[in-house]
Each structure stands twice: as structure tokens, then as C-alpha cells.
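# A structural walkthrough
The residues making up each chain are set out below.
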Amino acid sequence: MLSRSMRKELQECLEAGRFLYSKGSMAAWDLSVTVEELGPEAPPLSISVTSDLHIGGVILKIVEKTQMKKDWSDHALWWEQKQQWLLRPAWTLDKCGIHADARLSFTPQHKPLLLGLPNGVSLRLRACFSGPVFRTVMGICRVLNIRHPEELSLLRPVEEKKKKKDKEAAVEVYDLTEVPLTSASVPSLYNGMPAHFADSLQTEAVYKMLSSTQPAPAPENIAKMYRPASVVDKAHIHSRWLDSSRSLLQQGVQENDRLWLRFKYYSFYDLEPKYDIVRLTQLYEQARWAVLLEDIDCTEEEMMLFGALQYHISKATQSEPQAVKSSPAMDDLDSALQCLEVKMEGESSSLDMLDTMTTAPELHDYLKIFRPKRLTLKGYKQYWFAFKDTSISYYKSKEEGFGEPIQQMNLKGCEVAPDVNVAGQKFCIKLLIPAPEGMNEVYLRCENENQYSQWMAACRLASKGKNLADSSFSSEVKSIQAFLSMQHSNPGAQSAQADESINTQSLVSPRYQKKYKAKQLTPRILEAYQNIAQLSLIEAILKFLQIWQALPDFGVSYFVVRFKGSRKDEVLGIANNRLIRIDLGVGDVVKTWRYNNMRQWNVNWDIKQVAIEFDGNINIAFSCVTANCKIVHEYIGGYIFMSTRSREQSETLNEELFHKLTGGHEAL
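Below: a short report on this structure.

The rules behind the values
Counting starts from 1 at the beginning of each chain's written sequence and moves along it residue by residue. Residues qualify for local features only when their pLDDT is at least 70, as the model is predicted, and side-chain atom pairs are given and counted only at 80 or more; totals for whole chains, interfaces and linings, by contrast, use all residues. Remark: hydrogens and water are excluded; side-chain values derive from all non-hydrogen atoms of the structure. To qualify as a helix, a DSSP run of H or I must reach at least 4 residues; to qualify as a strand, a run of E must reach at least 2; elements of each kind are numbered from the N terminus. Relative accessibility under 20% of the residue-type maximum defines a buried residue, over 50% an exposed one, and the middle range a partly exposed one, all with a 1.4 Å probe and only protein chains included. Pairs of residues are marked as contacts when any of their non-hydrogen atoms sit within 4.5 Å. Here the accessible surface of atoms and residues is derived via Shrake-Rupley with a 1.4 Å probe, and residues count as covered only by protein chains that are part of the display. Each C-beta atom gives one direction from the helix axis, and the arc is the one those directions make. Only the stretch in contact is used when a helix axis is fitted, and all axes are lines through C-alpha atoms; the angle between N-to-C directions ranges over 0 to 180 degrees. Here roughly perpendicular refers to angles of 65 to 115 degrees, roughly parallel to angles under 35, roughly antiparallel to angles over 145, and oblique to all remaining angles. Crossing handedness is defined as follows: a turn of the near helix away from the far one that is anticlockwise and smaller than a right angle gives a left-handed crossing, while the clockwise case is right-handed. Just so you know the grouping, Ala, Val, Leu, Ile, Met, Phe, Trp, Tyr, Cys and Pro go in nonpolar, Asp, Glu, Lys and Arg go in charged, and all remaining residues, Gly too, go in polar. When DSSP finds two or more bridges between a pair of strands, those strands are recorded as paired.

## So, the overall build of the protein chain
Along the backbone of the protein chain there are 19 helices and 26 strands. Each of the 668 residues in the protein chain was classed as buried or not, and the buried ones make up 46%. Contacts in the protein chain between residues far apart in sequence, at least 24 positions, make up 63% of those at least 6 positions apart. Approximately 34500 Å² of the protein chain is accessible, and the part contributed by carbon and sulfur atoms is 51%.

## Section: the environment of Y174
Relative to the elements of secondary structure, Y174 occurs in strand β9 (residues 173–175). For Y174, a relative accessible area of 22% translates into the label partly exposed. Expressed as a C-alpha distance, the spacing of Y174 and L114, which sit 60 residues apart in the sequence, is 9.4 Å. Setting aside residues no more than four positions away along its own chain, Y174 makes contact with V121, S122, L123, R124, V206 and M209.

## Considerations on helix α19 (residues 655–662)
Spacing of three or four residues puts side chains on the same side of an α-helix, whose turn is 3.6 residues. Along α19, the residues classified as buried are E655, F658, H659, L661 and T662. The buried residues of α19 occupy one face: seen down the axis, they fall within an arc of 165°. Opposite the buried face of α19, by more than 90 degrees, sit the exposed residues E656 and K660. In this structure, the buried side of α19 is in contact with α4 (133–144), β24 (598–604) and α18 (629–642).

## Topic: the packing of helix α10 (residues 300–319) against helix α17 (residues 537–550)
The interhelical angle for the contact between α10 and α17, taken along N-to-C directions, is 155°, at an axis separation of 9 Å. In terms of axis orientation, α10 runs roughly antiparallel to α17. The handedness of the crossing between α10 and α17 is left-handed. Residue-level inspection shows L305, F306, L309, Q310, H312, I313, A316 and T317 of α10 in contact with α17, the latter providing L537, A540, I541, K543, F544, I547 and W548. Residues belonging to the contact of α10 with α17 are distributed by class as follows: 11 nonpolar, three polar and one charged.

## Considerations on the sheet that holds strand β21 (residues 570–574)
Read across the sheet, seven strands follow the order β23-β22-β21-β20-β26-β25-β24 without closing on themselves; strand pairing throughout is antiparallel. Of all strands in the sheet, those bounded by a partner on one side alone are β23 (589–594) and β24. Each strand of the sheet is rotated relative to its neighbour by a mean of 30°, with strand direction disregarded. Where helix α8 (residues 231–238) meets the sheet, it contacts β20 (557–563) and β21, and its direction lies at approximately 100° from that of β20.

## Focus on the pairing of β21
Regular strands place their side chains on alternate faces of the sheet. When you tally the buried positions in β21, you get five out of five residues, the bulk of the element. Alternating residues of β21 divide into E570, L572 and I574 and V571 and G573, and every residue in both groups is buried. Relative to β21, β20 is paired through five bridges, and the arrangement is antiparallel. Looking at β21, one finds that F559 is bridged to L572. Here β21 pairs with strand β22 (residues 578–582) via four bridges, running antiparallel. Bridge assignment links I574 to a residue of β22, and that residue is L579. Connecting the antiparallel pair β21 and β22 is a turn made up of three residues.

Listed below in C-alpha cells is the structure:
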């Protein structure tokens, strides 16, 4: 045991040692800093610093030592070994953990980036390399006048084959590096375009290119482009998305590197042609290439309709003005009408509810039903169906319709997809109905277009929790009927168009280029064209996007994963409202889980495993094979973030909430 006096003496020695240690830490030492402006051959600067010197003081010393008079406000320090930016000027070197062995670079935060857009145009513009990619995309979209940048992100291009390198070098790049970066979320317009594009004829031409669709590509060019041959190929493409929570430089992206800007989240909010001409054009181009490169499957009839719409859009682009010019008075009128519409919707909701409580309409008819099961060849069987509220019930016959049904299916939250062939008189509705163990697959077959339109509209409304009393039922029926009418053959119509030059093989995917000759495709596409020829340019683009979004596989991003307890690789499909488990060998959907049944999800970063808990004590866990689990985590959180958007807060983007939902423990 130590005496009190000895203990006090030892304490004083310890305090004295601590004081000496702290005095020693204040000693000056040399810090090595590379300054880009001095050139690649220049040796690093040696700066004398102390550990209590803050980052701002280090920058001041660097600027003084370079003796260069220039604007250094965009420059910051990059710590090479730790792969991180030092962006807090008040932090000391000691707090940052920087010692004499650190190698720092004094470099601009904004650097040129080569950006490939969905329409194939290549731009060189200044992008932020120091902030998270989410913020970088926001800045790029402000320059390009694209609203709702949260729907887009950056991904690394698919590697080109060696023989294509010469062609890649020949691609024209449009330089926007001199366009000033704007901080305004809504840029001021001049002559129908953002003011920063109206400064020169060159930038005006670039903006027109951004806001108008590109000519149809040559068939041989489509055939040579990369096409995913399988779901595994698609999974490898989706593994290339950059991490939205980390900066470009942290992810190895260097100055003048090439990246793609693409719509990542297929949840498009508040599409308004008057403000979204660039956004709509780029979205159309991304959808068009998804169809042409067979990234998404469609039927032959749908392909002919897609071809006809492309042909019509190409013609209309050449004849119609690029942007719709609007006057302030018309803007105010539109705004007032929009407010009135919202107000009337709010007032009518209580009346609709009262009508629903008293006389909710119903549908009754004979339909055929098919429930696919493995190892069975049983086909469709006819029953008497009744649609009431959000549920479908079916009976053996009409006479038994007042008794107990064979089965009742609640369609709230279900997936509804068309399975239609107008020429073959096939009108089917595919339903994926939520169940505790996943999703039950059911097909309903209708006799004719009229019956199909009504039941399809009812199913779509029921999936959103609405019944037949909803005011949108009749407009939904008309929309479906209009879509079907576009696929009707129009005999004799093509004779009027036969003399027009139309390269039909540029309008369909390679599968149909091989299947049909141009002289076979031309009359079919012109037939479909007659049904949509009256549409304006914007209407045709919106119609193309509407049909694209109605395809069964629309908006699904694929990842190869290994589920916990399984010995084989499987595919996880991520859509805007559900997760899909897919058998890798057969391609069949095994199970589907919806986000609105999700209770929580997290990542075990040590073993790189994603775990998700759903209602009903359903738990799933999987590790990612083709991508970093952070990408999958970000996809799920990103779609949940998209569902939180509303008109009241549409002008402000909650970046903090996005990173909270997508970043995991790595969020900023």
C-alpha cells in the first residue's frame, strides 16, 4: 500500500509527465502536400505545422507558399492514404488524426467529368468530387434542368469490347465546363431554356439536344451494342451503381472519367411536360433503349406499337417546336386550376365515402380462372365472378352467387399485369395476391375487350385500396380501351403511308430484326401508327412511357444473392413496391414481399448480409453475390424514401432522410 504522501508525489509526477508530453506535441513538424496547380512534375510542398494547427491554417500556409494569385475557394485537402476529404476547416490536425507520414493533395472540389446521358449524348461538365454522389447528381441535374434528381444516379459504364475503342474515340463530346454551377433549385428561364444555356449559340444547341429525341439508330448499330443475355447480365449492370453516400473521389473516380447518368429509381413523381421537357426526353430515351436492347420483355404486338410510337415521335420532333413557351398569366392559371383540382378532390372524398357506404357498385360476370402450379397441366375453368369493394369472389354458377363463394380474394396490395394479344383475342389479367408465405399467382381470362377493360380497371383500383365507386374508375376503363384500340389492325391504312421512307428495322429489337424482313415489318408498324398518328409529340412520349410502365417486368432491378439456409444462388428483384425472389435456373418467381408489410431491415456489415423482417414473423436474410450489399440496401431504402414524397414538400429534398434510409452505418 502507498502512503498518502507517496501517492500525492506520484500524482504530481504523472501530471508533470503529461504536461511535458503535451508540450512535446506542440513541436513543429513537416507535412507533405501535393498542389495540382504546380503541375504533375512539381515536387510536393513541405509545410511546417503543429498538431494543434487547424485545417484552415494549413490551407493558408499552402496558398502563401505557392505564391500564386488565383481563386482558391473551391480547393480542399484530400488525404490519399485514408481516401477522405478534409472539409472541416476548424478541425485540428490532431483531431483529424494526421501525422508526419500523411500524404495530402490540395485539389479542386469540382472537376470535369465525362457524362453519358440516356439519349447517347456525351457531355463534359464540372461535377462535385468532394460531396456525396447524391449531392453531386443534384448539382448535375440543376445544370441540365432535370427536376427530382433523387430518381437518378451515376453508374460505371459497361466495358466496351476492344474493337469498339476506335468508335468510342470518335464520339462527339459537348463541353459544358464553362457553364456556371447554379445553386437555385429552379433555374430562371430565358426564351424557354435555363438562362445559363442561353449565353451562346453552342450551349443553346446543346440544350436543344437534351430536350429533343435522337434519330432512330441504324439497325447494325443496335445489333453491335451490349445487350444483357440473361438476368445474371442484368445483375452485373446493376452492381455498377455508385454509392450515393460517398464522394466520387472516394470511389476511385478521377478527373475526366466517364460515367453514365441514368434513372435508377422507377418511381417518377410529378411529371409535368411544361417544366420537365429534358426529364421527359431523357426518360423516354432510357425507356426506348431498354426496349431496343431487350433489357425488358414485351410481346410482338407491343413491340410494333413501340415501333410506331418511335416513328411518330421522330416525325413530330422534326415538325414541332422543341419547348413549349408559356406566359406568366398561363402559369398562374395552371397553378390556380391545379389548386382548385386538389381542393375539389379533398371536398369530394367525404361525398365519395358516403356514396360508398350506401350504394357501392359491383361487377358480376362469367370469367375463366387459372392458378398455375408446378407439375400440373390443368387449364382455365369458368366460374361466376363477383367484384365487390376490393375483393373478388367466385362461384360455380350465377344461381349460387348468393351463397358462400368457392373462394374470396382481397386484391388490396396485389400486383396487376396485363397478358393481352388483341390479334389473337386473348384478354388475360395476371394477379399476384399477397399471402403470408409470399404471393399467390392467379390468371383471369375475359371474353372480350369491354369485359377486360372493366375488370382490369377494377383490379387496378382494388390494388390501390379503391373500390368501383371511385371517380377514377370510368377514366381507367377508357384509358385501357384506348390502349387496346392502338393495337387494332387498320386495313388499307398503310397504302397512304407506303411511299414514306421508314427504316422499320431501326424501330424494333434485334430479335424482330432477325425474325422479320423490313418489308414485313413496315405494314405492321404503319398499321399501328394509324392508331396514334393524331397524338402530339408530348402525348406520344407520355403514351410510350405509359405502355413501358405497364409491362410486367417494368422497373425491376436484379441482383444475384444467396439466401440464408440455401445452397444455391438465386436472383433478387427489387421494384418500387416489392422484393421478388426468382429461381435462377428456371426464371420463375418463387416469392414476393411488399414494402408495406416490411417492419425493419438492416445489414450485418461484418458478414455482408442483409436481413429483413416482415409482418407475420416472416424473416429473410441473404448475402449478395454480384454486388456490394450497400447497393441493395440503398435500393430498398431509396424506394421507401420515394414513397415519402408529397406535393406539399416537392420543392425541398430531404437529403438527410435519404442518407438515413439508404446509408446504414456509413451514412453521413
